[in-house]
Structures are given as structure tokens and as C-alpha cells.
Amino acid sequence: EAQVTQNPRYLITVTGKKLTVTCSQNMNHEYMSWYRQDPGLGLRQIYYSMNVEVTDKGDVPEGYKVSRKEKRNFPLILESPSPNQTSLYFCASSDLLWTGTGELFFGEGSRLTVL
Amino acid sequence: GENVGLHLPTLSVQEGDNSIINCAYSNSASDYFIWYKQESGKGPQFIIDIRSNVGEKKDQRIAVTLNKTAKHFSLHITETQPEYSAVYFCAASIDQAGTALIFGKGTTLSVSS
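Residues numbered from 1 in each chain as written. Chains lettered and ligands numbered in written order. Predicted model: local features only at pLDDT ≥ 70, side-chain atom pairs only at ≥ 80, totals over all residues. Heavy atoms only, no water.

(A) Geometry of the layout of surface pockets. In this structure, the largest pocket encloses a volume near 360 Å³. Around the largest pocket sit 19 residues that line it, and A:Ala2, A:Gln3, A:Val4, A:Phe106 and A:Glu108 are the ones nearest its centre. For the lining of the largest pocket, the residue count by class is 8 nonpolar, 6 polar and 5 charged. Taken as a whole, the second largest pocket holds about 240 Å³ of empty space. Forming the walls of the second largest pocket are 15 residues, and the residues nearest its centre are A:Leu88, A:Arg111, B:Gln38, B:Gly41 and B:Lys42. If you list the elements that add at least two residues to the lining of the second largest pocket, you get β9 (87–94) of chain A together with β9 (86–93) of chain B. Within the lining of the second largest pocket, the residues separate by chemical class into 5 nonpolar, 5 polar and 5 charged. (1 Å grid on protein atoms, 1.4 Å probe; cavity = no way out; pocket = protein on both sides within 12 Å on 5 of 7 lines; lining within 4 Å. Points joined across faces, edges and corners; volume = space filled by probe spheres on them. Nonpolar A, V, L, I, M, F, W, Y, C, P; charged D, E, K, R; others polar. Helix = DSSP H or I, 4+ residues; strand = E, 2+ residues; numbered from the N terminus.)

Here is the structure:
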């Protein structure tokens, strides 16, 4: 089954404790992206990657890091989480428009609370 | 930069009505437009997309229309059913690859039977 898998789905942590949210896709997509969703703000892009070893900042990259060492994985790293990073996070992947539809496939989301 | 916004945060319709959700964008260079549906507790799901060289695209009960002059695009749902109740997000991209999508804030569609 084609899917994007995120882990953990739920996490409560404390300020400053490094954490990683993993994301894996099994569709051989080149493009992967992380979004955060906050009430009244919709979906905002954090980072994206157009291929292995290629990453770029989205609209709200501060406080986050990513890596793309393999095509299928795109982890989101919070080196020193703060309460304003409490949010619902989505990983997504797609073919690029010139190879496919550009349709983004989203994971189920990871709800992060930073105390 | 690009701003993408929905005209209404909520829309309530009766079962069987036609629904229209409108979305405005600011960057005239935007050339790829897409609609997503998000059900409670789930990630957004693709509904339909359209490129700037097309005015309308249909997929069964769903259609998207694009007005480049007015810089807005609309989602049309024919004979809306209760299972269409969800949050709908529009998004636009100036990127030929469809990356760096800018999302609107979402419209909550409520369908009552």
C-alpha cells in the first residue's frame, strides 16, 4: 500500500530536549516536505527536499533541521524544542510536476506538545 | 511572496445542495493550483488540481475553475453529501515543479442531512 509513515504520532516533551520525527515513504517519490498545522494558520511549510542530499527552507524553518540521506526518509529534527513548536506536523511526498501530477501524499500527522 | 486565502472560513449546506468554495491568490505568476480535503484526525488528501493554461477541470462530482484575471480559483461540489463534511484547503504554486505550495487557511464545510 502506498503510504507516508510518520513516527511518533503523539509526543509530549520538555523544552530543550532534542527530538526527531521520522518520515518514510514507499512510493519512490523525489519530493518530500514537512508542514506544521496550527489553528487559524492553516498549513505552513517548514522544509522541503527535491531529491537526496537536496534540502531547502520553507516558510517557517527556524528551530528545525532536516536531512535527506536516502530517498525514502526525511526526518524532522528539533534540536532544542520550545513551547511555540507545539503543533501538528505533517510529512508529505510527491512526484515533481514534470514527472507526475504534483499531488502531495500526506502522512497521518504527528502531534507534538512541548512543555 | 505568495498569499493564498479562502473567502469564507466556514460553509454550511444542506445535503444535495451544490457547494462552491473560493480561493484567492496574490501572485500572478502562480501557475499550479490544488485542492485538498482534510477529515478529522487525518492528513490532507488530494482532491483535484489545475494548471494555469486550463480554465476548468472536472472529476465526477468535483470540479475546479480558475479565473486568472481575478486571481481566484474555486472548488465546486455537485449534490453535496454528508461525507463531504471536512476542512478544505486550497494551495497555489509558482514553481513549475509544484513544490513550495502555499496553502490557504482552510474552509470548514458542514453538510447537514
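(B) Structural context of the interface of chain A and chain B. Taken residue by residue, the interface counts 24 residues in chain A and 23 residues in chain B. Summed over both partners, the interface of chain A with chain B comes to about 1800 Å²; 59% of that surface belongs to carbon and sulfur atoms. Across the contact surface, chain A and chain B share 0 salt bridges. The tally of links from chain A across to chain B stands at 2 residue pairs in polar contact (both at pLDDT 80 or more). (Contact = heavy atoms within 4.5 Å. Buried area = accessible area lost by both parts, 1.4 Å probe. Salt bridge = Lys/Arg side-chain N within 4 Å of Asp/Glu carboxyl O. Polar contact = N/O pair within 3.5 Å; in protein donor to acceptor, adjacent residues only side chain to side chain.)

(C) View of the sheet that holds strand β3 (residues 19–25) of chain A. Residues and elements named next belong to chain A. Read across the sheet, 4 strands follow the order β1-β3-β8-β7 without closing on themselves; strand pairing throughout is antiparallel. Taken across any chain shown, the strands that pair with only one partner, and hence form the sheet edges, are β1 (4–7) and β7 (65–66). Taken together, the 2 bridges between β7 and strand β8 (residues 76–78) define a ladder with antiparallel strand orientation. Within the sheet, the bridge partner assigned to Lys-65 lies in β8 and is Ile-77. (Pairing = 2+ DSSP bridges.)

(D) Here's a closer look at the pairing of β3(A). Residues and elements named next belong to chain A. Extensive coverage of β3 is indicated by the burial of 5 of its 7 residues. Bridge count between β1 and β3: 4 bridges; the pairing is antiparallel. Bridge pairing in β3 places Gln-6 opposite Cys-23. The sheet contact formed by β3 and β8 spans 3 bridges and is antiparallel. Bridge pairing links Val-21 to Leu-76 in β8. (Buried < 20%, exposed > 50% of the residue type's maximum accessible area, 1.4 Å probe, protein only.)

(E) Structural context of the side chain of A:Thr13. All names here are of chain A. Within the secondary structure, Thr-13 sits in strand β2 (residues 10–13). Residue Thr-13 is classed as buried on the basis of its relative accessible area of 7%. Leaving out residues up to four positions away in the same chain, Thr-13 has contacts with Leu-19, Leu-112, Thr-113, Val-114 and Leu-115.

(F) Layout of the environment of A:Ser33. Residue and element names in this part refer to chain A. With respect to the secondary-structure elements, Ser-33 resides in strand β4 (residues 31–38). For Ser-33, a relative accessible area of 0% translates into the label buried. As a C-alpha pair, Ser-33 and Glu-62 span 29 residues in sequence and 15 Å in three-dimensional space. Ignoring anything within four residues of it in the chain, the contact list for Ser-33 reads Gln-45, Tyr-47, Tyr-48, Phe-74, Phe-90, Cys-91 and Ala-92.

(G) Structural view of empty space enclosed by the protein. Residues and elements named next belong to chain A. In this structure the tally under the stated criterion is 1 cavity of 30 Å³ or more. The computed volume of the largest cavity comes to approximately 40 Å³. In this structure, the largest cavity is lined by Pro-8, Tyr-10, Leu-11, Leu-19, Val-21, Tyr-89, Ser-110, Arg-111 and Leu-112. Tallying contributions element by element places strand β11 (residues 110–114) first for the lining of the largest cavity, with 3 residues. A breakdown of the residues in the lining of the largest cavity according to their chemical character gives 7 nonpolar, 1 polar and 1 charged.

(H) Geometry of the packing of aromatic side chains. All names here are of chain B. Inspection of every chain in the model, using the stated rule, returns 13 aromatic pairs over all chains. Ring centres of Tyr-25 and Phe-73 lie 6.2 Å apart, and the angle between their planes is 50 degrees; this geometry places the pair in the tilted category. You can see Tyr-25 sitting in strand β3 (residues 19–25) and its partner Phe-73 sitting in strand β8 (residues 72–77), a full 48 residues away along the chain. Of the two residues, Tyr-25 and Phe-73, neither departs from the other in class, the shared state being buried. (Phe/Tyr/Trp six-rings, centres within 6.5 Å; stacked < 30°, edge-to-face > 60°.)

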